Amino acid sequence: MANTTEKPKTETREFQAEVAKLLDLVVHSLYSNREIFLRELISNASDACDKLRYAALTDSKLLEDGSSEFAIHLSVDKAAKTLTISDNGVGMSHDELIANLGTIAKSGTAEFLKAAGDKGKGKDVNLIGQFGVGFYSAFMVADKVDVVSRKASEKQGWVWSSDGKGAFTVGEAENAPRGAHITLHMKPDAEEFLEPQRLRHVVKTYSDHIALPVILEPIPGDKKEGAEEAKAETLNSASALWMRYNSVVKPEEYLEFYHHVGHTFDEPWHALHFHAEGAIEYTALLFIPTEKPFDLFHPERKGHVKLYVNRVFISDQLEGLMPRYLRFVRGVVDSADLPLNISREMLQNNPTLRKIQNGITKRMLKDLKERAEKPEEYNVFWDSFGPVFKEGLYEDHERRDDLLELARFKSTAVEGLTSLKDYASRMKDGQEGIYYITGDNNAALKGSPQLEGFLDKGLEVLLLTDPIDEFWVATVGAYGKKPFKSVAESGTDLSAMKDGEKKDEAQSEPEEIKGLVEKLKATLGETVADVRISSRLTGSPVCLVADTGGMSLHLARMLQQHDESADKIRKVLEINPNHTLIKRLNTVDSATLNDIAHLLLDQARIVEGETVPDPIAFAKRLAAVMEKGLL
Ligand code: ADP
Ligand code: MG
């Protein structure tokens, strides 16, 4: 902002680099589905009216400088080839115009560019609204955009103007009415959007259930011969769809509404629409998307369900309306039993709100349980949202048992996914608990040396690859009476488990092996917590495991990635007493033993996906040992 007392009449500014890049993509690459620009601008206009309506609840003066009948007007000027979308909402100040339409505070653009780049040009222009960059879609159809805006409670209006090519101007506007008035100078190939039929159709398709009327002004010079005086025409039903009974809502109406509230363009995987009656009355219309929204894993873990009180929009960011582990749910909750005139913060802690949350969550979990009966369909849900849903195992004590029943896992025993119930039914006699291993991905886990003994004995192991797994598994502890047991933690003794033929071999520990353990301990010293004889290895000579009761290897690695200075935890090196390499180690001289001991430890680290701490020493030792092998 200029620091002189007088603002310059018109100033020119450059778009933030990210925005410029986005605009370049919008202008040059996105040609299909261009009509969604109207959905985005109407959606912004509707948001702006909602914001003002909410602010006016506590400050009614805000409505004095214009109509309190909120509406969105479309007007066409065929001669000038312009379409104007006007609202009487909250509007934007000088600085807001610059901040909102010139920079992007959110990470939206980068994410959008990535998605648009990933999925091929054109197709994913539909997503544009989801990324918080919907306004810029105007440049798909317009080669110049003017935004005249006056903020509620301010006297001076401003005009923002740009051709989308790197810069925009902001200057004073005379007599600007409250709200925002967006004029699109249509590109020659986008003049179809000056036709009433086209506008009617686009509004009906994408914005029918915007809760405000979208009104098409009579188009000058468009009057047909002999026709009546042209009248303003409301293009949408402007109804609060959620207040209707579900028996009368058509599937395509649900779909359009879902696209509107969810800012998405997929089919919902699930829809839940009900009116709760009794002590607290409320209506909920909720959707589970099919595809992951891009911000699913953002650290704020924001929800996206909109709260209305008696059809007045209150917030779409209210904590406490939905549990965080259901933050992928989109939709609307409306209740007349919540107080209108209190702050969002107070509302967040309102006991009625908590009861509503309880009610919605219960219904949602009940529906999920039903849908889980068709595993193929349910797996689609789980693939998209399982990692988030599992946060509930960690945080929602009250519903933990229900959530455990709904959770699904990859496992060594089945293709696809298994429930814990099914795992339990496959458990062997004498099996100590539910075995699991954690790591970054399936492929690496499946090859883990720690698994060998378990696979050999036909014991099923769950493969847990989500970061959250470390946390819930530690908190939950057990499924029913069956404890979760990590296969990568020392203290798991498999020698008691029957496995037929090979049983007796490793039973008695020959003195030499014990001697070798001592030698290895002496050689490796402080770099390991301990050296032990393993009952879990069959093919590999060694592996690393976490010390009993200590932090798991995977968790330790995650923490280290996060914070380089995190203490490295010392691990237990387990050796396979039946492996030829280990058996022969007793016969080598001490220099060779020293080399091989360190090489075995480094090898175990590599298998774990860790880096070798001293690559130069590693290479030297490897060369020395190979050289001896060639003699
Ligand atoms: P999003 O709507 O997801 O925030 P957009 O790119 O569509 O992203 O809009 C950017 C911002 O510009 C909005 O958040 C809002 O602050 C402002 N804005 C856009 N249109 C209007 C409008 N008609 N009235 C007031 N503010 C608006
Ligand atoms: Mg928007």
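Right above here is the structure, for reference.
Trainee: I would appreciate a short explanation of the overall build of the protein in the present structure.
Mentor: Looking only at helices and strands, the protein has 20 helices and 22 strands in total. Among the 631 residues that make up the protein, the fraction classed as buried is 50%. Pairs at least 24 apart in sequence give 72% of the contacts found in the protein among residues at least 6 apart. When the accessible surface of the protein is totalled, it reaches about 30300 Å², and 51% of it is carbon and sulfur.

Trainee: Where do I start with empty space enclosed by the protein in this structure?
Mentor: By rolling a water-sized probe across the atoms, one finds the places where empty space is left. One pass over the structure, following the stated rule, counts two cavities of 30 Å³ or more. In this structure, the largest cavity is lined by 14 residues; those nearest its centre are Ser46, Asp50, Ala211, His260 and Tyr308. For the lining of the largest cavity, the secondary structure elements donating two or more residues are α2 (36-56), α6 (251-262) and β12 (304-309). Within the lining of the largest cavity, the residues separate by chemical class into eight nonpolar, three polar and three charged. Taken together, Arg39, Glu40, Ser43, His259, His260 and His263 form the lining of the second largest cavity.

Trainee: What exactly am I supposed to notice about the nonpolar core here?
Mentor: Soluble globular proteins tend to pack their nonpolar side chains together in the buried interior. Grouped together as the largest cluster of nonpolar side chains are 68 residues, with contacts concentrated most on Leu286, Phe328, Val333, Phe381, Phe389 and Trp472. If near-sequence neighbours (up to four positions away) are discounted, Val333 is found in contact with Tyr282, Thr283, Ala284, Leu286, Val305, Lys306, Leu307, Tyr308, Leu321, Ile356 and Ile360.

Trainee: It is not clear to me how the sheet that holds strand β20 (residues 530-533) should be interpreted in this structure. Could you clarify?
Mentor: Whenever strands of a sheet pair, they do so through backbone hydrogen bonds, lying parallel or antiparallel. One open sheet accounts for three strands, arranged β20-β22-β21; its pairing is mixed. The outermost strands of the open sheet, each flanked by one partner alone, are β20 and β21 (542-545). On average, each strand axis in the sheet is tilted by 30° relative to the strand beside it, whichever way the strands run. As defined by bridge partners, β20 adjoins strand β22 (residues 572-575) across four bridges and the pair is classed as parallel. Note that in β22 the partner of Ile533 across the bridge is Ile575. Most of the contacts of helix α16 (residues 511-524) go to β20, to which it runs at about 160°, and overall it touches β20 and β22. Helix α19 (residues 590-607) contacts β21 and β22 of the sheet and is inclined by roughly 60° relative to β21.

Trainee: Explain the pattern of salt bridges to me, please; I cannot follow it from the model alone.
Mentor: Close approach of charged atoms lets side chains of opposite charge pair. Within this structure, the stated rule accounts for 32 salt bridges. The closest approach of N and O atoms between Asp530 and Arg532, which form a salt bridge, is 2.8 Å. Note on Asp530: relative accessible area 18%, which makes it buried. Residues joined by salt bridges that share partners form a network here, namely Arg34, Glu35, Asp189, Glu192 and Arg198.

Trainee: Teacher, can you tell me more about the environment of Arg363 here?
Mentor: Mapped onto the elements, Arg363 comes out in helix α8 (residues 351-371). Separated by 89 residues in the primary sequence, Arg363 and Phe274 place their C-alpha atoms 9.2 Å from one another. For Arg363, the residues in contact, after removing those within four places along its chain, are Leu272 and Phe274.

Criteria and thresholds
- Position numbers for residues start from 1 in each chain and track the written sequence from start to end.
- Chain letters start at A and ligand numbers start at 1, both assigned in the order the entries are written.
- Reporting of local features is limited, given that this is a predicted model, to residues whose pLDDT is at least 70; pairs of side-chain atoms are given and counted only at 80 or more, and all residues count toward the totals for whole chains, interfaces and linings.
- Side-chain measures were taken over the full set of non-hydrogen atoms in the model, leaving aside hydrogen atoms and water.
- Counting from the N terminus, the helices are the DSSP runs of H or I reaching at least four residues and the strands are the DSSP runs of E reaching at least two.
- Residue burial is assigned from relative accessible area. The probe radius is 1.4 Å, only protein chains are included, and a residue is buried under 20% of its type maximum, exposed over 50%, and partly exposed in between.
- Any two residues whose heavy atoms approach within 4.5 Å at even a single point are treated as in contact.
- Note on areas: Shrake-Rupley with a 1.4 Å probe; residue coverage comes only from the protein chains shown.
- A 1.4 Å probe that fits into a set of points on a 1 Å grid over the protein atoms alone but cannot get out defines a cavity; an open set with protein on both sides within 12 Å along at least five of seven lines defines a pocket, and lining residues are those with an atom within 4 Å of a point.
- Grid points are joined across faces, edges and corners, and a volume is the space filled by probe spheres set on the points.
- Note that Gly is not counted as nonpolar here; it falls among the polar residues with everything else outside the nonpolar set of Ala, Val, Leu, Ile, Met, Phe, Trp, Tyr, Cys and Pro and the charged set of Asp, Glu, Lys and Arg.
- By nonpolar core is meant a set of buried Ala, Val, Leu, Ile, Met, Phe, Trp, Tyr and Cys residues that side-chain atoms within 4.5 Å join together.
- Two strands pair under a simple rule: DSSP has to find at least two bridges between them.
- The convention used is that axes are lines fitted to C-alpha atoms, helices contributing only their stretch in contact, and that angles between N-to-C directions extend from 0 to 180 degrees.
- The term salt bridge refers to a pairing of a side-chain nitrogen on Lys or Arg with a carboxyl oxygen on Asp or Glu at a separation within 4 Å.

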